[in-house]
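# Descriptive structure summary
The primary structure of each chain is shown beneath.
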Amino acid sequence: MKKSTILLVSVTAFLLLMFYSVNTDAKVIKQHTSFMGNYKKVACVNNKIYSNHNKSNDSYADRSHQLDFKCGNKYIQFINDRKISKLVYKNHYGTVQNITMTPDNRYLFVEYHEISSTDNSMLGEIAKFDLKNHKLVKKTSEKEFGHGQSLSYNQHEKVLYLIVLGRNASQKAKIMRISPYSLKILSETRVKSKSYLISDQLAFDKHNHAYSYTRSSNNINGKNCLRIYKGKLSKKHSRLNLKQVIRHAPGHNDNTANIPQSMAYNKHNNRIYFVANGEIMSVPSHKIGHLKRKDVQDTVLNTNKEFEGLTFDSKGYAYLATRYQIFRSSRPL
């Protein structure tokens, strides 16, 4: 083999390794204390229900220019972001499960989940996109990232977090800390719960508080309530405690596809957002624990699209990922 050929092969192999870089030697930590706090009774706010008949049956051919407001106490309209949609969905792997953006609005991280006939696959990929130059910067190889809905940027640590579990909430999970620069797994903490189920919903506020939530179908507060958890996540120790219950969770109550899809924090208005198919609900983060009915904002959109992920830029514009498109709110929220 000629030296020039050997050199070309070596350079190509090196570039591929860098492009698909992921650290397989991440430090594994086993947390012995319970990740979820003890059972306890917390305040429940009885919010208003708005009609949502989303069937989440959209197809690739059903792409839309916009998502219009249908009902609720908070008006939101979304417009298709053609540039980002083309970037994220062009020759992509699997289905988009969540998106999260850096505070400078420069980079968008996307978790893709393997397309599986049973939808129980744990395999996925994470990609990093440069929104200024509209290009793919890097992506991981196929890894066990779980369903991927919890991918979230922690601006305090400047790392990505991912709670790894399957399609449904569980008593056990892995918490990954991932470098936003190389996409290497920095650490992996194995956690378990002795009380509430662990959810793969996650968001961080500007004070480094972590939030998660579950939808309960059998609870003392009734069917279809939303439980909000708050705490801290870190490399050494993580803990979430139940803080508040919202009587009526977002989503079509009679549809089996009504499951938690995403959550996000908007530092522009200091609110936490909860996403279900066709509906987005939010509450002020600093009032969680003593929410009142008027604090709960709810928006139902006139669409049958399946909602997948939500993130915000520094100005408060929302970016909503559906199965085949990414939409941007028409104004800051």
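The structure displayed is predicted, hence computed values, not measured ones.

What follows is about the overall build of the protein chain. On a plain count of helices and strands, the protein chain comes out with two helices and 25 strands. For the protein chain, contacts bridging at least 24 residues in sequence account for 57% of all contacts bridging at least 6.

Next up on the list: the sheet that holds strand β12 (residues 159-164). Pairing within the open sheet is mixed, and its five strands lie in the order β1-β14-β13-β12-β11. Of all the strands in the sheet, just β1 (27-30) and β11 (152-154) have a single pairing partner and so form its edges. Averaged over all neighbouring strand pairs, the angle between strand axes comes to 25°, with direction disregarded. Of the pairings in the sheet, the one linking β12 to strand β13 (residues 172-178) comprises five bridges and is antiparallel in character. From the neighbouring strand, Leu 160 faces β13, where its bridge partner is Ile 178.

What follows deals with the pattern of salt bridges. In this structure the tally under the stated criterion is five salt bridges. The closest approach of N and O atoms between Glu 188 and Arg 190, which form a salt bridge, is 3.4 Å. According to the relative accessible area criterion, Glu 188 is buried, its value standing at 11%. Ionic pairing is found between Lys 287 and Asp 295, a salt bridge with its closest N-O pair at 3.2 Å. On the basis of relative accessible area, Asp 295 is assigned to the buried category, the value being 7%.

Examined against the element boundaries, Gln 244 turns out to sit in strand β18 (residues 239-246). Among the polar contacts listed, one links the side chain of Gln 244 to the backbone nitrogen of Gly 289, at a separation of 2.8 Å. Once residues within four sequence positions are removed from consideration, Gln 244 is found in contact with Val 42, Ala 43, Cys 44, Val 45, Leu 226, Arg 227, Ile 228, Lys 287, Ile 288, Gly 289, His 290 and Leu 291.

Attention now goes to the sheet that holds strand β25 (residues 326-329). Reading across from one edge, β3-β5-β25-β24-β23 is the order of the five strands in this open sheet, with antiparallel pairing throughout. Of all the strands in the sheet, just β3 (66-67) and β23 (307-312) have a single pairing partner and so form its edges. One ladder, built from three bridges, connects strand β5 (residues 78-80) with β25; its direction is antiparallel. Across the sheet, Asn 80 pairs through a bridge with Phe 327, a residue of β25. Its contacts with the sheet place helix α2 (residues 82-89) against β5, β24 (318-322) and β25, and it is angled at close to 150° to β25.

Moving on, we get to unusual backbone geometry. Look at Lys 158: it is not a glycine, yet its phi comes out positive at around 60°. On the basis of relative accessibility, which here comes to 46%, the residue Lys 158 falls in the partly exposed class. Phi is positive for Asn 270, which is not a glycine, with a value near 60°. Mapped onto the elements of the fold, Asn 270 is located in the loop between β19 (262-266) and β20 (271-276).

How each quantity is defined
Residues numbered from 1 in each chain as written. Predicted model: local features only at pLDDT ≥ 70, side-chain atom pairs only at ≥ 80, totals over all residues. Heavy atoms only, no water. Helix = DSSP H or I, 4+ residues; strand = E, 2+ residues; numbered from the N terminus. Contact = heavy atoms within 4.5 Å. Pairing = 2+ DSSP bridges. Axes fitted to C-alpha atoms, helices over the stretch in contact; angles between N-to-C directions. Salt bridge = Lys/Arg side-chain N within 4 Å of Asp/Glu carboxyl O. Buried < 20%, exposed > 50% of the residue type's maximum accessible area, 1.4 Å probe, protein only. Polar contact = N/O pair within 3.5 Å; in protein donor to acceptor, adjacent residues only side chain to side chain.

Don't take any of this as a statement about function, it's just geometry.
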